[in-house]
Amino acid sequence: MRTPDIAARRALGACAALMVGALTLTACGGDADASNKGGGGDTPKTSTAKIAISAKDGATDASVNATGVKVSDGTLTDVKMTVSGSGQSVPGAISADGHSWKPKQRLALGTKYQIAAQAKDAEGRPAAANAIFSTVGSANSFIGTYTPDDGTTVGVGMPVSFTFNKSISDKKAVQSHITVNSSSGQQVVGHWFGDRRLDFRPKEYWKAGSKVTMKIDLDHVQGAQGLYGVQKKSVSFTVGRSQVSTVDVNTQTMTVVRDGRTLKSVPISAGSPEHTTYNGQMVISEKFTQTRMNGSTVGFGGEYDIPDVPHAMRLTSSGTFIHGNYWYKKSNPPFGRQGTSHGCVGLADVQGAQGDTSAKWFFDNSLVGDVVIVKNSPDSTVGPANGLNGWNMSWSDWTAGSAV
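The numbers attached to residues start from 1 for each chain and follow its sequence in the written order. Local features in this predicted model are restricted to residues of pLDDT 70 or higher, and side-chain atom pairs are both shown and tallied only at a pLDDT of 80 or more, whereas totals for entire chains, interfaces and linings draw on every residue. As a convention, hydrogens and water are excluded, and side-chain values are obtained from all of the structure's heavy atoms.

### With respect to the overall build of the chain
Numbering of helices and strands runs from the N terminus; a helix is a DSSP stretch of H or I covering at least four residues, while a strand is a stretch of E covering at least two. Within the chain, the regular secondary structure consists of four helices and 27 strands. What makes two residues a contact is simply this: any of their non-hydrogen atoms within 4.5 Å. A sequence separation of at least 24 residues applies to 64% of the contacts in the chain between residues at least 6 apart. What sets the accessible areas is the Shrake-Rupley method with a 1.4 Å probe; for residues, cover comes only from the shown protein chains. Total accessible area computed for the chain in this model is approximately 20,700 Å², and 52% of it derives from carbon and sulfur atoms.

Right under this line is the structure:
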């Protein structure tokens, strides 16, 4: 039988145990009052600096142009970027305000990198971030080679032409990330020839003296399933004087007009009745002081192979040139009289491209982008995609081929 004293002692013991438990819970939970004298429950404040590495950790399609580091509510103190595996350092620089870092050069395709970044906030508290990632590989990327080149001066007929190394299915996405503007204020519209070529031009020839700027912002733009662009740059070129030359097959002459004034009428020899010259507006796309012309490369078998054709300027991708001819019969020159070529437009010249000839004069006075119009030939009009010859398409048909 339990006595009152024993029961009282057990009750007091239970109360003491509860008190200890209550005190223990309070100590573990801390004190909401920041003025707690004990100080043992205080935790250090976290840095407010927030580091963002543009390439996510583990990514396999990081940009080769835009990969970098940024920080908010703080400044970067150190960024190290290396090629994973080799440890090769990637040079880069922190911006003057300390808010960003980027590599000094474009990154390599299909390469694994590592970034370790450190920063501090206004109170000097540190923060860090790391990422290991791979840039987009060649199998999953596309580029566009383009003409004209940056800083060049071209004729009034020169379109902006992109040729992509892989087929583009999302044409709208790609075209919308290439803009072409002229200081002349002319409207410029793109046109797709198939799924790998995109040209831009205004309704009429460029205004002489204007400056044209194209901005290429294809970096990480998806052109097809699993296929991303890797280009980001701005390119500008200048349109020179206006020169349009007209070849009349009926008279076998070419009239050269510059800025509305006739410079010269030049005797030529166009295509023979068996190998006629295309009609239409053709743009000079390349110039060669001398070049080899082999008939077997353009479907004429072994009919000719001339290793040093002088003053040659390309008019079509299928092989039409306007060029010098030194192999004509000196006793019976065809220039100004009859067409004798395999479809090209020939001018009198001498071997070695050194003489004072009609061909040299025209070559020296021509720019890539100048227009050569052929008329009165029994042949058809040159195809718009055969060379840089989209001028042979109506404006309505041209704009119908735009994806935006």
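### Section: the sheet that holds strand β9 (residues 144-147)
Spatially, the four strands line up as an open sheet ordered β9-β11-β14-β13, and their pairing is antiparallel. Two strands lie at the open edges of the sheet, namely β9 and β13 (188-193), each paired on one side alone. Averaged over neighbouring strand pairs, the angle between their axes works out to 20° when direction is ignored. Pairing between two strands is assigned when DSSP locates at least 2 bridges connecting them. Here an axis means a line fitted to C-alpha atoms, over the contact stretch when the element is a helix, while the angle between two N-to-C directions is reported on a 0 to 180 degree scale.

### Re the packing of aromatic side chains
The aromatic pairing rule takes the rings of Phe, Tyr and Trp, using the six-membered ring of Trp, and pairs them if the centres are within 6.5 Å, calling planes under 30 degrees apart stacked, those over 60 edge-to-face and the rest tilted. Inspection of the entire model under this criterion finds 11 aromatic pairs. Their ring planes at 70° and their centres at 5.9 Å tell us that F193 and W398 sit as a pair that is edge-to-face. Placement of the pair is F193 in strand β13 and W398 in helix α4 (residues 395-400), with a sequence separation of 205 residues. Ring geometry for Y328 against F335: centres 4.9 Å apart, planes inclined by 85°, an arrangement best described as edge-to-face. The exposure class of F335 is buried, given its relative accessible area of 13%. Linked through ring pairs, F142, Y146, F162, F164, W192 and F200 together constitute an aromatic cluster. The rule is short: NZ of Lys or CZ of Arg within 6 Å of the ring centre and within 35 degrees of the ring normal puts a charge over the ring. The positively charged end of K264 is found above the aromatic ring belonging to W361, 4.2 Å away from the centroid. A cation over an aromatic ring shows up here: K287 above the ring of F363, its NZ or CZ 4.3 Å from the ring centre. Here the term buried applies to any residue with accessible area under 20% of the maximum for its type, exposed to any over 50%, and partly exposed to those in between, with areas from a 1.4 Å probe on protein chains only.

### Description of the nonpolar core
If you look at the biggest cluster of nonpolar residues, it comprises 29 residues, and the most contacted ones within it are F162, F164, V174, I178, V180 and F200. For this core, the elements supplying multiple residues, two or more each, are β11 (160-164), β12 (178-182), β13, β14 (197-202), β15 (211-217) and β18 (232-239). Throughout this description, the term nonpolar core refers to a set of buried Ala, Val, Leu, Ile, Met, Phe, Trp, Tyr and Cys residues connected via side-chain atoms within 4.5 Å. By size, the runner-up hydrophobic cluster in this structure holds 26 residues, among which are I51, A119, A127 and V230.

### So, the confidence of the model for the chain
Predicted coordinates in regions of low pLDDT should not be interpreted in detail. Per-residue pLDDT for the chain has a mean of 89; in total, 87% of the residues score no lower than 70. Per-residue confidence from the predictor is reported as pLDDT, a score between 0 and 100. Note on residues 1-41: pLDDT is under 50 here. Beyond four places in sequence and across chains, it has three contacts.

### Let's talk about the pairing of strand β7 (residues 126-134)
As judged from the nine bridges shared by strand β6 (residues 112-120) and β7, these two strands associate in the antiparallel manner. Bridging from a neighbouring strand, Y113 pairs with F133 of β7. Between β6 and β7, which follow one another and run antiparallel, lie five residues, and G124 among them has a positive phi close to 80°.

### Looking at the environment of G346
Locating G346 in the fold gives a position in strand β26 (residues 345-348). The exposure class of G346 is buried, given its relative accessible area of 4%. Taking the C-alpha atoms as reference, G346 lies 5.8 Å from N325; in sequence the two are 21 residues apart. Beyond its immediate sequence surroundings of up to four residues, G346 is in contact with P267, I268, S269, H323 and F335.

### Let's talk about the pattern of salt bridges
Just to be clear on terms, a salt bridge is a Lys or Arg side-chain nitrogen sitting within 4 Å of an Asp or Glu carboxyl oxygen. Here the structure, examined in full by the defined rule, presents nine salt bridges. We note a salt bridge from D370 to R241, for which the minimum N-O separation is 2.9 Å. Placement of the pair is D370 in the loop between α3 (358-364) and β27 (371-375) and R241 in the loop between β18 and β19 (243-248), with a sequence separation of 129 residues. Since its relative accessible area comes to 18%, R241 is described here as buried. Salt bridges here are not isolated pairs; linked through shared partners, they connect D121, E123 and R125.

### Notes on the sheet that holds β7
In space, the three strands of this open sheet follow the order β3-β6-β7, with antiparallel pairing throughout. Edge strands, defined here as strands with exactly one partner in the open sheet, are β3 (75-83) and β7. Averaged over all pairs of adjacent strands, the angle between their axes in this sheet comes to 10°, without regard to strand direction.

### Looking at the pairing of β19
Most of β19 is tucked away: five of the six residues are buried. In this structure, β19 lies alongside strand β20 (residues 253-258), joined through six bridges in antiparallel fashion. Directly across from Q243, in β20, lies its bridge partner R258. Between β19 and the antiparallel strand that follows it, β20, lie four residues; Q252 among them carries a positive phi value of about 55°. The pairing of β19 with β27 spans five bridges and is classified as parallel. Bridging across to β27, S245 finds its partner in V372.

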